Amino acid sequence: MGTRQDAAFEMVLALHRVLRSLRRAGPTGGLQPTQLIVLALLTEAGPSRIGVVADRVPCSQPTATAAVAELQTAGLVRREPDPTDGRAARVAVTEEGFAALRGVAHGEAAVLLERLGALPDEDAERVLATAPLLRLLADGDRADGDRAGG
């Protein structure tokens, strides 16, 4: 790895592989990947209109509508009136939805802990210490949107 650009590229590939492998190895609670992403998005962003969900997932509006319909049937989300537009509805996570998402995340965390156990303690601690920095990077898209809109 010669440059920062190369290192960033390698990091992106590694993060994708880690997340995919955790999702494959961890329990999904019967939820599809798009449904998990929708639950995570709504948990983080709060109640949102379908168009916003589709933009942020990202997926088509019909895909977002289908995922939300399945989640609603399972009792994991509910529709509520949009307070800014009486003709529109927002989607919000229910307590059951929060519990389902937490269950999946705890399952993936258990797999991660098991894998960290195969590393030397010092390396495992270094990996875990990156969590706050990764969160800052993940929140960067929110800060970019705040700057663009403000």
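The structure displayed is predicted, hence computed values, not measured ones. All chains use their own residue numbering, which begins from 1 and follows the written sequence. Owing to the predicted nature of the model, reporting of local features is limited to residues with pLDDT of at least 70; listing and counting of side-chain atom pairs is limited to 80 or more, with chain, interface and lining totals taken over all residues. As a rule here, side-chain values come from all non-hydrogen atoms in the structure, and water together with hydrogens is ignored.

Asks: Would you take a moment to explain the overall build of the protein for this structure?
Replies: A tally of regular secondary structure across the protein gives eight helices and two strands. Under the scheme used here, helices are H or I runs from DSSP no shorter than 4 residues and strands are E runs no shorter than 2 residues, and both carry numbers assigned from the N terminus. In sequence order, the secondary structure elements of the protein are arranged as α-α-α-α-β-β-α-α-α-α. Here the C-alpha coordinates of the protein stretch approximately 55 × 35 × 25 Å along the principal axes. A simple rule labels every residue: compare its accessible area, found with a 1.4 Å probe on the protein chains alone, to the largest value its type can have, and call it buried under 20%, exposed over 50%, or partly exposed in between. A buried classification covers 25% of the 150 residues belonging to the protein. The contact rule is simple, with two residues in contact once any of their heavy atoms fall within 4.5 Å. Taking the contacts inside the protein whose residues are at least 6 apart along the sequence as the reference set, 50% of them involve residues at least 24 apart.

Asks: I keep staring at the packing of helix 1 (residues 4–25) against helix 5 (residues 95–116) and nothing clicks. Help me out?
Replies: Axis definition: a line fitted to C-alpha atoms, over the contacting stretch in the case of helices. Angles run 0 to 180 degrees between N-to-C directions. Their axes nearest at 8 Å, the elements helix 1 and helix 5 cross at an angle of 115 degrees. When the axes of helix 1 and helix 5 are compared, the pair comes out roughly perpendicular. With respect to the hand of their crossing, helix 1 and helix 5 are arranged in right-handed fashion. Every residue of helix 5 that contacts helix 1 at Ser21, Leu22, Arg23 and Ala25 is listed here: Glu108, Val111, Leu112 and Arg115. The residue classification treats Ala, Val, Leu, Ile, Met, Phe, Trp, Tyr, Cys and Pro as nonpolar and Asp, Glu, Lys and Arg as charged. All others, Gly included, are polar. Residue classes in the contact of helix 1 with helix 5 are distributed as four nonpolar, one polar and three charged. By definition in this entry, angles of less than 35 degrees are roughly parallel, angles greater than 145 are roughly antiparallel, angles of 65 to 115 are roughly perpendicular, and the rest are oblique. Each helix crossing is assigned a hand: it is left-handed if the near helix lies turned anticlockwise from the far helix by less than a right angle, otherwise right-handed if that turn is clockwise.

Asks: I would appreciate a short explanation of the side chain of Ser48 in the present structure.
Replies: Tracing the backbone shows Ser48 in the loop between helix 2 (33–45) and helix 3 (50–56). Within 3.5 Å is the distance limit for a polar contact, defined as a pair of N or O atoms, with the added protein rule that one can donate a hydrogen and the other accept it, and that residues adjacent in sequence qualify only through two side-chain atoms. Engagement of the side chain of Ser48 in a polar contact is seen with the backbone oxygen of Gly46, the distance being 2.9 Å. For Ser48, the contacting residues outside a window of four places in its chain are Leu42, Val53, Arg90 and Val91.

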